[in-house]
Amino acid sequence: MKIAQVMVIGAGQMGSGIAQVCAENGYEVFLHDLKEEQTKKGIAGIEKRLQRNIEKERITEQDKEQTMKRIQASTKLENAGKADIIIEAAVENMEVKKTIFRQLDERAAEHAILATNTSSLPITEIAAVTSRPEQVIGMHFMNPVPVMKLVEVIRGLQTSDETYEAVADIASSLKKTSVEVNDFPGFVSNRILMPMINEAIYTVYEGVASPEDVDQVMKLGMNHPMGPLTLADFIGLDTCLYIMETLHEGFGDDKYRPCPLLRKYVKAGWLGKKTGRGFYQYN
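Source: prediction; values computed, not measured. (Residues numbered from 1 in each chain as written. Predicted model: local features only at pLDDT ≥ 70, side-chain atom pairs only at ≥ 80, totals over all residues. Heavy atoms only, no water.)

1. Quick look at the packing of aromatic side chains
- Tallied over the full model, the rule gives five aromatic pairs.
- With a centroid separation of 6.2 Å and 70° between ring planes, the pair formed by Y202 and Y205 is classed as edge-to-face. Pair noted here: Y202 and Y205 are both in helix α7 (residues 189-205), with a separation of three residues, about one helical turn.
- Its relative accessible area of 11% is what places Y202 among the buried residues.
- For the ring pair Y265 and W270, a centre distance of 5.1 Å and an interplane angle of 65° mean the geometry is edge-to-face.
- An aromatic cluster is built from Y265, W270 and F279, whose rings are joined through pairwise contacts.
- Directly above the aromatic system of W270 lies the positively charged group of R277, at a separation of 3.8 Å from the ring centroid. (Phe/Tyr/Trp six-rings, centres within 6.5 Å; stacked < 30°, edge-to-face > 60°. Helix = DSSP H or I, 4+ residues; strand = E, 2+ residues; numbered from the N terminus. Buried < 20%, exposed > 50% of the residue type's maximum accessible area, 1.4 Å probe, protein only. Lys NZ or Arg CZ within 6 Å of the ring centre and 35° of its normal.)

Here you go:
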């Protein structure tokens, strides 16, 4: 199946990043959100990143113009009918995603693939609300999308080989490396990463070491480019908590129990960099 038209649902950081890499690599893109101001903000963010790449001599002004021409703002879900693949990058909430996929299933062309950028939620459960579960798949990009090379391609219980192969081909055309993953809580990336972050939080909670020293151990001792608590602040502590809760519920194993300190910070509104305070303070 030839993929020419992409629709991205959600014009936030992840959605606009996905729209950017698709447009940069020759796809026509609808960047969709409920409100026009959100799509405008997403498109402005893309333009700003492209301008930065011109200044760093990675692309030309002509490259930027061609990329921007391929991106069209959308606030009408009916545009889904024109897309060959729709990539949902909305909030990480199962009920929200189910609602979106029901609506997409009604409006999308018969051949269209429905993909979700979820970082932890079950693909099989999302697919079950559609009449085309064999055409539903996970396509988990890493943040920031224009920079990070990995895409987890997650097969639901009924995802067909044809759908998987088409999405793996798309990832390759975006100059990304894809890995094939089966549908388990947290997939691979967050099943390994989040318990490590949670354990780092426990070491602070139990008074073993300060956040700075925990991060130093992982950077200087394990050669990680960023310490786990700095990374947690960048991801968002609310997102970390949500994923840990998904793992805990999905596996029923107490090794995935979120640290009480993580819960306390989230309740306090200390969500990390986006709120100015998490394990560190940000101006």
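2. Some remarks on the UniProt feature "domain: 3-hydroxyacyl-CoA dehydrogenase C-terminal" (unreviewed entry) in the protein chain
- The positions that UniProt labels "domain: 3-hydroxyacyl-CoA dehydrogenase C-terminal" (unreviewed entry) are, in the present scheme, residues 186-282.
- Taken end to end, residues 186-282 comprises 62% helix and 0% strand; its first and last C-alpha atoms sit 28 Å apart. (UniProt positions renumbered as here; feature names shortened; annotations may be inferred.)

3. Section: a positive patch on the surface
- There is a patch of like positive charges on the surface, built from K48, R52, K56 and R58.
- For K48, the location among the structural elements is in helix α2 (residues 36-55). (Patch = residues over 30% accessible without salt bridge, like charges linked within 9 Å, V, L, I, M, F, W, Y side chains within 5 Å. Areas by Shrake-Rupley, 256 points an atom, 1.4 Å probe, with all protein chains shown as cover. Salt bridge = Lys/Arg side-chain N within 4 Å of Asp/Glu carboxyl O. Lys, Arg positive; Asp, Glu negative; His and termini not counted. Charge placed at Lys NZ, Arg CZ, Asp CG, Glu CD.)

4. Here's the deal with the UniProt feature "site: Important for catalytic activity" (unreviewed entry) in the protein chain
- UniProt's feature table lists "site: Important for catalytic activity" (unreviewed entry) at H140, given in the numbering used throughout.
- Along the polypeptide, H140 turns up in strand β6 (residues 136-141).
- Among the residues examined, H140 registers a relative accessible area of 6% and is labelled buried.
- Ignoring sequence-local partners within four residues, the contact set of H140 consists of T116, N117, T118, S119, L150, V151, E152, I154, S189 and N190.
- Side-chain polar atoms of H140 contact the side chain of E152, separated by 2.7 Å. (Contact = heavy atoms within 4.5 Å. Polar contact = N/O pair within 3.5 Å; in protein donor to acceptor, adjacent residues only side chain to side chain.)

5. Notes on the packing of helix α8 (residues 211-221) against helix α9 (residues 228-235)
- Taken N-terminus to C-terminus, the directions of α8 and α9 make an angle of 105°; their axes are 7 Å apart at the nearest point. Taken together, the axis directions place α8 and α9 in an arrangement best described as roughly perpendicular. Judged by residue contacts, P211, V214, D215 and M218 of α8 engage P228, L229 and T230 from α9.
- A class-by-class count of the residues in the contact of α8 with α9 yields five nonpolar, one polar and one charged. (Axes fitted to C-alpha atoms, helices over the stretch in contact; angles between N-to-C directions. Parallel < 35°, antiparallel > 145°, perpendicular 65-115°, else oblique. Nonpolar A, V, L, I, M, F, W, Y, C, P; charged D, E, K, R; others polar.)

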